[in-house]
Amino acid sequence: MKIIVAHDWFLEWGGAERFVLSMSKQLKVASVYTIAVSQQIRNIFEANKIETISFVPDWLVGRLSTKDLFRLLFLFTPLFWKLVPTDRADVVISSTHTMLSNLVKKKNTSKHIVLVCSYPKHLYPKTSGLVSSLVYPFYRFLDLRAMRKADNVVVISQHMKKKVDNIYKIDSTVLYPPTIQRPYGKKPKGRGDFYLSVSRLVPQKHTDLIIESFKTRKDDVYIVGVGSEKEKLKRLASGHKNIKFTGSISNYQLSKLYSAAKAVICCYENEDYGYVPI
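Now for a look at the structure at hand. In this text, all values refer to a predicted model and were calculated from it rather than measured experimentally.

Observations regarding the overall build of the protein
For step 1, the next point in the chain: Tallying secondary structure elements over the protein gives eleven helices and ten strands in all.
For step 2, the next point in the chain: A compact globule built from 278 residues should have a C-alpha radius of gyration of about 19 Å, and the protein, at 20 Å, falls within 12% of that.
For step 3, the next point in the chain: In terms of overall dimensions, the protein has C-alpha extents of about 60 × 45 × 35 Å along its principal axes.
For step 4, the next point in the chain: A buried classification covers 46% of the 278 residues belonging to the protein.
For step 5, the next point in the chain: Accessible surface computed for the protein: about 15000 Å², of which carbon and sulfur atoms make up 53%.
For step 6, the next point in the chain: Charged side chains in the protein number 43 positive and 23 negative. The centres of these two groups are separated by 2 Å.

See the structure below:
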């Protein structure tokens, strides 16, 4: 049985990306198709496993911000996902949160499963601006139609199930992602003298609150992750040597930090799942 996966994009190494990697290994996925991927994440997957269907090369992905990539690519998403070769696939899994990978066109004999890591919040805003009013209704229509045509819809938490059931008026199945962090090397004898924050550096993670707190403390805090707020947060922490940014690190390095930290600090708002606390 041939299984392929369509994942929105691989810009940062977060929970959704780890889930796709784990799923690809367990299900022996033939190929993973995406709109954009950073070279760092491509290297994590097996050679030639990820295939890009947009016009953006890997080297440019690393130079543009998430916002810039979104502005450049989002309007073309219906066209991009038509390029996924589903004609020989028995199962097509769309892993979606932002860039509407659920728009993949499957052949009649294949099964289409939509894995909802998060719903596209920009299409369903609490308040409507000019772009939302003029452009997004068409994409909401495409999104709603794709979700209702899927053979199965799978969500990653009860929280996400409520959101999906409410927005799309469809039934969904909860499948919790794997979250066990395997230990590497010897277990440390004691705790270190530092705290730890692990997340994408985006507004809803509120890493700025952690930085503001540690600007008044002498304790060290390691901030692991990358995202659109990286440079802004580094400027906020400027001059405070106890606030250390690691960027994206390996599972081995992350495991060592988890094992030795005094505590892991989370300030997330409205989490879709919450890999790090769990």
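The structure having been displayed, the exposition proceeds.
Here's the deal with the side chain of Ser 110
For step 1, the next point in the chain: One can find Ser 110 in the loop between strand S4 (91–96) and strand S5 (111–116).
For step 2, the next point in the chain: Beyond its immediate sequence surroundings of up to four residues, Ser 110 is in contact with Ala 89, Asp 90, Val 92 and Asp 151.

What about the sheet that holds strand S9 (residues 220–224)?
For step 1, the next point in the chain: Read across the open sheet, the three strands follow the order S8-S9-S10; overall the sheet is parallel. Every other strand in the sheet has two partners, leaving strand S8 (194–198) and strand S10 (243–247) as the edge strands with one partner each. Each strand axis lies, on average, 20° off the axis of its neighbour in the sheet, ignoring direction.
For step 2, the next point in the chain: Those strands touched by helix H9 (residues 207–214) are S8, S9 and S10, and its axis lies near 160° from that of S9.

Details of the pairing of strand S2 (residues 31–34)
For step 1, the next point in the chain: Side-chain alternation along S2 places Ser 31 and Tyr 33 on one buried face and Val 32 and Thr 34 on a second face that is also buried.
For step 2, the next point in the chain: With helix H1 (residues 15–27) bridging strand S1 (residues 3–7) and the parallel S2, this β-α-β connection has right-handed handedness.
For step 3, the next point in the chain: Across three bridges, S2 lies against strand S3 (residues 50–52) in parallel orientation. Bridged to Thr 34 within S3 is Thr 52.

Some points on a nonpolar patch on the surface
For step 1, the next point in the chain: A cluster of nonpolar side chains, Phe 55, Leu 72, Leu 75, Phe 76 and Leu 79, forms an exposed patch at the surface whose accessible area comes to about 480 Å².
For step 2, the next point in the chain: In this fold, Leu 75 is placed in the loop between helix H4 (66–73) and helix H5 (77–81).
For step 3, the next point in the chain: Leu 75 sits in the partly exposed class, given a relative accessible area of 48%.

Rules and cut-offs
- Residues numbered from 1 in each chain as written.
- Predicted model: local features only at pLDDT ≥ 70, side-chain atom pairs only at ≥ 80, totals over all residues.
- Heavy atoms only, no water.
- Helix = DSSP H or I, 4+ residues; strand = E, 2+ residues; numbered from the N terminus.
- Rg over C-alpha atoms; globule rule 2.2 N^0.38 Å.
- Buried < 20%, exposed > 50% of the residue type's maximum accessible area, 1.4 Å probe, protein only.
- Areas by Shrake-Rupley, 256 points an atom, 1.4 Å probe, with all protein chains shown as cover.
- Lys, Arg positive; Asp, Glu negative; His and termini not counted.
- Charge placed at Lys NZ, Arg CZ, Asp CG, Glu CD.
- Contact = heavy atoms within 4.5 Å.
- Pairing = 2+ DSSP bridges.
- Axes fitted to C-alpha atoms, helices over the stretch in contact; angles between N-to-C directions.
- Right-handed = clockwise from strand over helix to strand, strands pointing away.
- Patch = residues over 30% accessible without salt bridge, like charges linked within 9 Å, V, L, I, M, F, W, Y side chains within 5 Å.
- Salt bridge = Lys/Arg side-chain N within 4 Å of Asp/Glu carboxyl O.

By themselves, these figures tell us nothing about what the structure is for.
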